[in-house]
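Chain and residue survey
Residues per chain, in single letters:
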Amino acid sequence: MATPPPRRPADAAGAAAGTAVDADAAHLESLGYKQELKRSLSVFGNIAMGFATVSPVVGLYAVVQVGVVVAGPAWVWALPVVFLLQALVVCVYAELAADFPVAGGAYQWTRRLIGPKYAWIVGWITVCALFFAHTTIAYLASPWFFALFGWTPTPAKVVAVAAVFLAVCALINAYGIDVLKRVVDLGIAAEAVASVLVGVGLLLLFREHGFSILTDTFGAEALSGGSKPLAFLAALAVAGWAFVGFDACVAMAEETVGAARQVPRALWWAFLSVGGLVILNAVAVDLAHPDPTTIMTGSDLDPVTTAVVASFGDWSAKPFIVVVIIAFIACELASQGGGARALYSMARDGVLPASRTLGKVNRRQVPLAALAVDLVVSCLALLLGLEASAIGSIITFGSAALYLTFLAIAFAALVARIRGTWVPAGIRLGRFGLVVNIAAVLWLAFEFVNIAWPRTLLAPPDAPAYQVWAAVIGVVLVLGTGLAYLAAARPHRALEAAARTADAERAAAAADPHQTTPAPTGS
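Residues numbered from 1 in each chain as written. Predicted model: local features only at pLDDT ≥ 70, side-chain atom pairs only at ≥ 80, totals over all residues. Heavy atoms only, no water.

**Some details on the pattern of salt bridges**
According to the stated counting rule, one finds seven salt bridges in the structure shown. Note that Arg39 is salt-bridged to Asp24, the shortest N-O span being 3.9 Å. Taken together, the positions of Arg39 in the loop between α1 (9-30) and α2 (43-54) and Asp24 in helix α1 put the pair 15 residues apart, joining distant regions of the chain. On the basis of relative accessibility, which here comes to 9%, the residue Arg39 falls in the buried class. Arg417 is the partner of Glu95 in a salt bridge, and the nearest nitrogen-oxygen pair spans 2.8 Å. Residue Glu95 is located in helix α4 (residues 78-99), and its partner Arg417 is located in helix α17 (residues 388-419); the two are separated by 322 residues in the primary sequence. Its relative accessible area of 1% is what places Glu95 among the buried residues. (Salt bridge = Lys/Arg side-chain N within 4 Å of Asp/Glu carboxyl O. Helix = DSSP H or I, 4+ residues; strand = E, 2+ residues; numbered from the N terminus. Buried < 20%, exposed > 50% of the residue type's maximum accessible area, 1.4 Å probe, protein only.)

In C-alpha cells:
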C-alpha cells in the first residue's frame, strides 16, 4: 500500500481551524443555537473589533475638550481612575464570555443568569443605547468631512453627511464579516500608528508646559460651585465615555474561532491597548497645547487638533483629519455590526416584533434585516441634529444607557454567583471573582448615577431643561416603553415555553436511555 504524502503545514493548520470551528459550533448548539453566522475571525480579528469600537481617537475627541472645561488640565487624572475601575467590569465580562460565547452578550448572559423577563429589558436597553451610539458617532464624524474638503457646515448638511456616513458603513457591513474585518483592520492600523506617533511626539518633543500643569485646575471648579471634588466627579463622568465599546468583542463571539478562549483575551487586549493610548494622548495634549485657557473659555473647541497643528506645523492638519475620519469609520463599522448582532440575537428567540425576519441571516451570513433596522433608527435619530441642543440629549442618554447595561450585566452575574446558579467554569477566579464582581457593581452604580446626574456645566449655555435632564428622561422613556411592551406582548413566554419543553424532553430522555437528548436551551 502506498504511503500517503506527509500533510503540509497549511493543510494541518486548516484542519486544526476546521476542528476548532466544529467545536465552537458544538458549544453553541449546547447553548441552544445552530451556527448561522460565519465563524472566521481569529483572536486578532476580534481584538480589532473591540479596538475600533473603543477607539483611542474617537474616545479622546469625545472627552478631552469637555474634560478640560469641567476640571482644567487636572482632568486627566480621571482617566486612569475610570480605566482601573472599568477593568473590574472587563474581569466580569471575560468570565461570562468564556462560559457563554454567544452574540448579543447583554441579553444572552442575563437570560441565563436571572431569567427571560430581566433579560428582555436589558436587551431592549442595550439595543436602544447602541442605536443612539451609532447616531452619536456619525454626527461627531460628519464635521471632519467638512474640514477635509473645506465645505461650510450647516445643521442640515451635517445631518445629511452623517446619514450618508451611516449608509456607507451599513453597506460595508452587509458584505459580511470578512469584508468588515479587512476594512476595520486597515482603519485601526492607521489609528494605532498615528496615536502612538502623535502621543509620543507631543510628549517628548513639543511640550509647552511642565508636568505641574497636570495638577492645575485653572479655576475650573468655579463651574461646580468652587468645589474641586465636585469638579473631579464631573470629570469622572466625562472620562467614562472613553472606556466603552470593548463589549464589541462579545458581539462577534459567534464569528470568532475558539471563542470561549479567545474572546476573553480579546476583551483584555482591546481594553488595555486603547486605554493606554487614550491616557497617553490626553496627557500629551495637556502638555503640548499652547494655551489651555482658550479651551476653558470655549475659544478652542478642538484642542487635540490645535495641539497637533501647533506642534507639527500646518502641513499636518489635513493628514491628521484623514486619520480621524478613518478612526470614525472603523469605530462606526464595528459598533454598527455589533448592534445588528445584538438585535439578531434577541430576534432569533422570537421576543421582538418581526422576529422571523430580524432573526435571519442572508447568503453572506449577515443579519441583514437587523442591520437595516439599525440603520433606519440611527438615521431617524439624526434628525435631532437639526437642533444642536437636541442631539446633545442623544449623546448624554447614550453614555448613561451604556453604563446602565454594564451595571445590569454585572448585577445579574453577582446575583447568580451568590445564588450558586452560576459558577464560572472557563475562567476561575475563586473568591476573588466574587470580590471583583461586588466592586464592579458598586463602581457601575456610582458611575451610572454620576453620568446621569443633571449638570448644567455639561450642557451648552442656555440649554433647555430637557437636555440637562436628558440622561434621566431618556432612561425613563426607554425603560418605560420596554416594560410596557413586556407587560402587553409578554415576549418572555416563548422562552419559558421552550424551556419547559426542553426540560420535559430531557426528563423523557433520562427515563429512556435510547432516546436522543435535545440540546439545552440555556434559559
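Back to the write-up after that little detour.
**As for the environment of Phe100**
Considering the arrangement of structural elements, one finds Phe100 in the loop between α4 and α5 (105-113). For Phe100, a relative accessible area of 14% corresponds to the buried category. Residues within four places of Phe100 in sequence aside, it is in contact with Leu31, Trp109, Arg112, Leu113 and Trp422. (Contact = heavy atoms within 4.5 Å.)

**Here's the deal with the confidence of the model for the protein chain**
Low-confidence regions, as indicated by low pLDDT, have predicted coordinates that should not be scrutinised in detail. Residues at a pLDDT of 70 or more form 90% of the protein chain, whose mean pLDDT is 88. Note on residues 516-523: pLDDT is under 50 here. Beyond four places in sequence and across chains, it has 27 contacts. (pLDDT = per-residue confidence, 0-100.)

**Some words on the environment of Tyr118**
Here Tyr118 shows up in helix α6 (residues 116-149). We classify Tyr118 as partly exposed; its relative accessible area is 25%. Separated by 209 residues in the primary sequence, Tyr118 and Ala327 place their C-alpha atoms 35 Å from one another. The residues touching Tyr118, leaving out its near neighbours within four places in the chain, are Thr110, Ala408, Phe411 and Ala412.

**Side note on the packing of α6 against helix α7 (residues 155-174)**
For the pair α6 and α7, interaxial distance at closest approach is 8 Å and the crossing angle is 115°. In terms of orientation, α6 and α7 fall into the roughly perpendicular class. Here α6 and α7 pass one another in a crossing that is right-handed. Here His134, Ala138, Tyr139, Ala141, Ser142, Phe145 and Phe146 of α6 lie close against α7, whose contacting residues are Lys157, Val158, Val161, Ala162, Phe165 and Leu166. Its residues assigned to classes, the contact of α6 with α7 comprises 10 nonpolar, two polar and one charged. (Axes fitted to C-alpha atoms, helices over the stretch in contact; angles between N-to-C directions. Parallel < 35°, antiparallel > 145°, perpendicular 65-115°, else oblique. Left-handed = near helix turned anticlockwise from the far one by under 90°. Nonpolar A, V, L, I, M, F, W, Y, C, P; charged D, E, K, R; others polar.)

**Concerning the state of the cysteines**
Using the criterion set out here, one finds zero disulfides in the structure. Take Cys379: it sits in no disulfide, and the sulfur closest to it among the cysteines is that of Cys169, at 10 Å. (Disulfide = S-S within 2.5 Å.)

**Digging into the packing of aromatic side chains**
Inspection of the entire model under this criterion finds 18 aromatic pairs. Seen in terms of ring centroids, Phe146 and Trp151 are 5.6 Å apart; in terms of plane orientation they differ by 85°. Their pairing is edge-to-face. Given the relative accessible area of 4%, Phe146 is considered buried. The exposure class assigned to Trp151 is partly exposed, which follows from its relative accessible area of 44%. An angle of 40° between the planes, with centres 6.0 Å apart, marks the rings of Trp443 and Phe446 as tilted. Placement of both Trp443 and Phe446 in helix α18 (residues 431-452) is noted, with a separation of three residues, approximately one turn of the helix. Classification of Trp443 by relative accessible area gives buried; the value is 5%. The ring centre of Tyr33 lies 3.9 Å from the NZ or CZ of Arg348, which sits over that ring. (Phe/Tyr/Trp six-rings, centres within 6.5 Å; stacked < 30°, edge-to-face > 60°. Lys NZ or Arg CZ within 6 Å of the ring centre and 35° of its normal.)

**Here's the deal with the nonpolar core**
Counting 168 residues, the largest nonpolar core has Trp75 and Leu267 as the members making the most contacts within it. No other element matches the 18 residues that α6 contributes to this core. What Leu267 contacts, discounting residues up to four positions off in sequence, is Val90, Tyr93, Ala94, Ala97, Phe246, Asp247, Cys249 and Val250. (Core = buried A, V, L, I, M, F, W, Y, C linked by side-chain atoms within 4.5 Å.)

**Focus: helix α3 (residues 56-71)**
For α3, spanning 16 residues, the distance from its first C-alpha to its last is 21 Å, which sits close to the expected 22 Å at 1.5 Å a residue. The largest bend in α3 amounts to roughly 30° and is located at Val63. Judged by how many residues are buried, α3 sits mostly within the fold: 14 of 16 residues are covered. The positive-phi residue at the C-terminal boundary of α3 is Gly72, with phi of around 70°. (Expected span 1.5 Å × (residues − 1). Bend = angle between axes of the 7 residues up to and from the residue.)

**So, the side chain of Arg417**
The exposure class of Arg417 is buried, given its relative accessible area of 14%. Of the polar contacts made by the side chain of Arg417, one reaches the side chain of Glu95; its length is 2.8 Å. With residues near it in sequence (within four places) discarded, Arg417 still touches Glu95, Trp422, Pro424, Gly433, Leu434 and Asn437. (Polar contact = N/O pair within 3.5 Å; in protein donor to acceptor, adjacent residues only side chain to side chain.)

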